[in-house]
Amino acid sequence: MAENGCPDPKALEGSSCGLSPSQSEVLERCLHALTHAKDDSHVLAALLLITRLCPAGQLDSRTLHRIFEAVGLNLPARLLVTAFRSDDGSGLPAEDLISLGSALLAALSTEPNMVAHPQLLSTIPLILSILENGPIRTEPNSESKISQTGSATDSQTSLDEALACDCYQVLNAVCALPQGPDQLFARDAIPALSRAVLKNQTLSREKGLALIGHILSSGVRKRAWAKHSSDLISLLGIVSQNFCLAPDPARLEMCSNVPLFLPPSGVETESQVLKEIVGKLWASLRPLVQGKISKEHLGPVLVASACLLDLFGWELAGPPKFCCLLVNRACVEVRMGLEEPPGTEIAPPLQHTLTACYRIMEAAMEQACSQGAPSSPAPEQTAISGLSLQQSRQVLGVLEEAFSAEIYHLRQVEQTAYGDPFVFATFRSLCAWLAEETSCLKDDVIELLPFLIGYAKSHFKGGGEGGGLADWMSKMSVSDSSSGDATWSREAALRYVLPALCHLSAEDGPRRALLSLETPALLVDFLSSGWGSLRGQSGKTVTRDPSLETACSALLNFTITEPERVRSDPCFIALENMLSDALPVLLHKPRLLILAANCCTLGLMIGRLKSTHTEPAEPGRRRFFSSALSFLLSAVQSGRASEPARLSVQWEEHWEEAGELWRLSMQALAGCVRTQPWIISLILEDRWLASTISGRLPDRASQPVLEEVLCSLAHQSPVCRKDIAELVKSSETLQEMPQLGRILLEYNTHV
């Protein structure tokens, strides 16, 4: 500034407003007036001149800072609050106050440091009310009430386009902050903007829809649908209507926007309105899938199709011929995208498309694999209705080719790329296939096992980068089907491969490869870690984790088929110690009965492989076997022998899963009695024999395994033999056991 208070000509150089020297001089005088203003009237006059002289979006950073220093955020916030009061007494039109306040906020919001200021954030409910209802006047109230009601008793007035632009500028600037979507969600931006779109307010279809899309593409998506599902379904109806009415060329361009407004899988899927909307979207998508479209447009079409499948499966997709075509196009895209020479980099847009193709393949996979296996039909919502056996075989064939391409791609992955989200997406897709089908491509799968185990181990042991994967799982709404978890954890990769390991460990060739990779030790570590998390839970807070049960099943396969490895591998000693700690606690967690059955079976199967000895076992082993006896007894329903056999209440709802484990445990117990006779003392102390025989067996299939246990006891212990002989006299069940009868007769004859 010059000494007379006039602007220094040198200070005007480099102005970014594109003003003439005379206009720049006026701007400087206005800024000087702002700095020395004695009251709000002087401030308003100077600001009005500035906004008319230079549009807010063109103000340079230096000028914005000078305005902020002179005015601060307090004034524009006060202007909006004043405009919303009916008795402010200012004498100024509310529209002018709103226009000026919004223009100031829009200008100040172009500076990142100002956007995050609490005073600017506090104006968001008022700005949302303007966009939803126009520049109306309301009764004086808290900003939260304005936000929640979003309207007032006065009539709605028109919303000027310039004012709407300023309001959206502020909201978009806030949304661009790291926590911006959360800030907008917390201030109910979703319902306000949705209603603005439904009312077709000024710029709502152009800018409002895009802003909602940005918010929903962030981590608040699930929370938004949980809290505002009604508003969002109505909004989706508008999006769907626009999409369906658009001509094919425009519809192709709109495909990439549709997924932004669809609910996450599992949210509101029972809504009939949502079902109708999805059905209409499919009707408009089908011609695009069936037509000849460019590779650039095919990607968004496949992504939209995958998102619709996530909601209702194949139920609304269309006739079998179309469903087969969709699967075929997805599989061809995967092959073309992945079967590139080593070192070829896959561009992010193609990665996004291929990830969607994986979801289409997964949706088709269970249906194709279940043909000819009526005992395990695909769930109704995932079934391709009316699929013939020939079509099913064709689908299975193209799926096999696509999964072969995934194997080819994963073979090339270096350990430095383990943190790449696309690698995880491909790994997850292949694991889903292997969970259903391990007979196809067996040699290729065995060759890939070092990568699968190494990848899962790297993340589980903390060697992989998890940040990018966590973001990817959140944005893609990937859920861990084995545990119901939708967030990234270091166990995620291992959880996905577990079902495949359960199948592969039952086959000789793959099992040898898994043993060479120290897979049992990895499974024991996973089981121990999972139990550490579960043991602190109690009552209704206990959450079943099927992945732990699957890990037990894989370890059981190793235990049954590789006895020498079990006897020599230190990891099985660690497993025994963990089971000794876990089973006594699991007895008191009825929600974890299946895990308890797995632990009981696994511990007894290991116990039967131990060397014969008669000395008392150490306390941990005694505790395990005592708990195992109690657990097995808990399945037997006590009562009169003449009554029909019935399971105990605790086991009844789980018997379909737990029954086979109970029978395996009884067989293993018979083996333990032969190899570790000291267990007989526990059986006698707990009166287990009398309690088991006096109860009613769960089913006829249980009789042979009970007979095996009784025969072992009769062979090993004269006391047990005497007790059993007495019990036979009053038990029709025992009298129907021929092998037991022969043993008792043999000993009686000998005596």
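Note that the structure is a prediction, hence the values are computed from the model and not measured. (Residues numbered from 1 in each chain as written. Predicted model: local features only at pLDDT ≥ 70, side-chain atom pairs only at ≥ 80, totals over all residues. Heavy atoms only, no water.)

Student: Account for the overall build of the chain, with residues named and values stated.
Tutor: Scanning the chain from terminus to terminus reveals 39 helices and zero strands. Long-range contacts, defined as pairs at least 24 residues apart, comprise 75% of the intrachain contacts of the chain with a sequence gap of at least 6. Within the structure as shown, the chain displays about 33200 Å² of accessible surface, and the carbon and sulfur contribution to it stands at 51%. (Helix = DSSP H or I, 4+ residues; strand = E, 2+ residues; numbered from the N terminus. Contact = heavy atoms within 4.5 Å. Areas by Shrake-Rupley, 256 points an atom, 1.4 Å probe, with all protein chains shown as cover.)

Student: Which residues make up the side chain of Asp569, and what are the values?
Tutor: For Asp569, the position within the fold is in the loop between helix H28 (563-568) and helix H29 (570-586). Residue Asp569 is classed as buried on the basis of its relative accessible area of 9%. (Buried < 20%, exposed > 50% of the residue type's maximum accessible area, 1.4 Å probe, protein only.)

Student: So, unusual backbone geometry: which residues are in play, and what are the values?
Tutor: In this structure, Asp188 is a non-glycine residue whose phi angle is positive, near 60°. Relative to the helices and strands, Asp188 is located in the loop between helix H11 (180-186) and helix H12 (189-198). Phi is positive for Arg687, which is not a glycine, with a value near 50°. Tracing the chain through its elements places Arg687 in the loop between helix H34 (679-685) and helix H35 (688-694). We classify Arg687 as exposed; its relative accessible area is 59%.

Student: Talk me through the packing of aromatic side chains; I want residue IDs and the actual numbers.
Tutor: Within the structure shown, the criterion is met by 15 aromatic pairs. Following the ring pairs from residue to residue traces out a cluster consisting of Tyr418, Phe424, Phe427, Phe451, Tyr455 and Tyr496. Stacked on the ring of Phe185, the Lys or Arg Lys227 has its end atom at 5.6 Å from the ring centre. Against the face of Phe243 rests Arg251, its NZ or CZ located 5.9 Å from the ring centre. (Phe/Tyr/Trp six-rings, centres within 6.5 Å; stacked < 30°, edge-to-face > 60°. Lys NZ or Arg CZ within 6 Å of the ring centre and 35° of its normal.)

Student: Before we move on, can you summarise the environment of Leu706 with the specific residues and values?
Tutor: Tracing the backbone through its elements, the reader meets Leu706 in helix H36 (residues 703-716). Taking the relative accessible area as the measure of exposure, Leu706 reaches 3% and is therefore buried. The spatial distance from the C-alpha of Leu706 to the C-alpha of Leu734 is 9.3 Å, given a sequence separation of 28 residues. Among all residues touching Leu706, those that are not within four sequence positions of it are Met666, Thr692, Leu697 and Met737.

Student: Just give me the short version of the packing of helix H16 (residues 272-290) against helix H18 (residues 320-338), but keep the residues and values in it.
Tutor: Relative orientation of the contacting elements H16 and H18 amounts to 55°, with a least axis distance of 11 Å. Classed by the angle they form, the pair H16 and H18 counts as oblique. Here H16 runs over H18; the crossing is left-handed. The segment H16 lies against H18, with Trp282, Arg286, Leu288, Val289 and Gln290 engaging Phe322, Leu325, Leu326 and Arg329. (Axes fitted to C-alpha atoms, helices over the stretch in contact; angles between N-to-C directions. Parallel < 35°, antiparallel > 145°, perpendicular 65-115°, else oblique. Left-handed = near helix turned anticlockwise from the far one by under 90°.)

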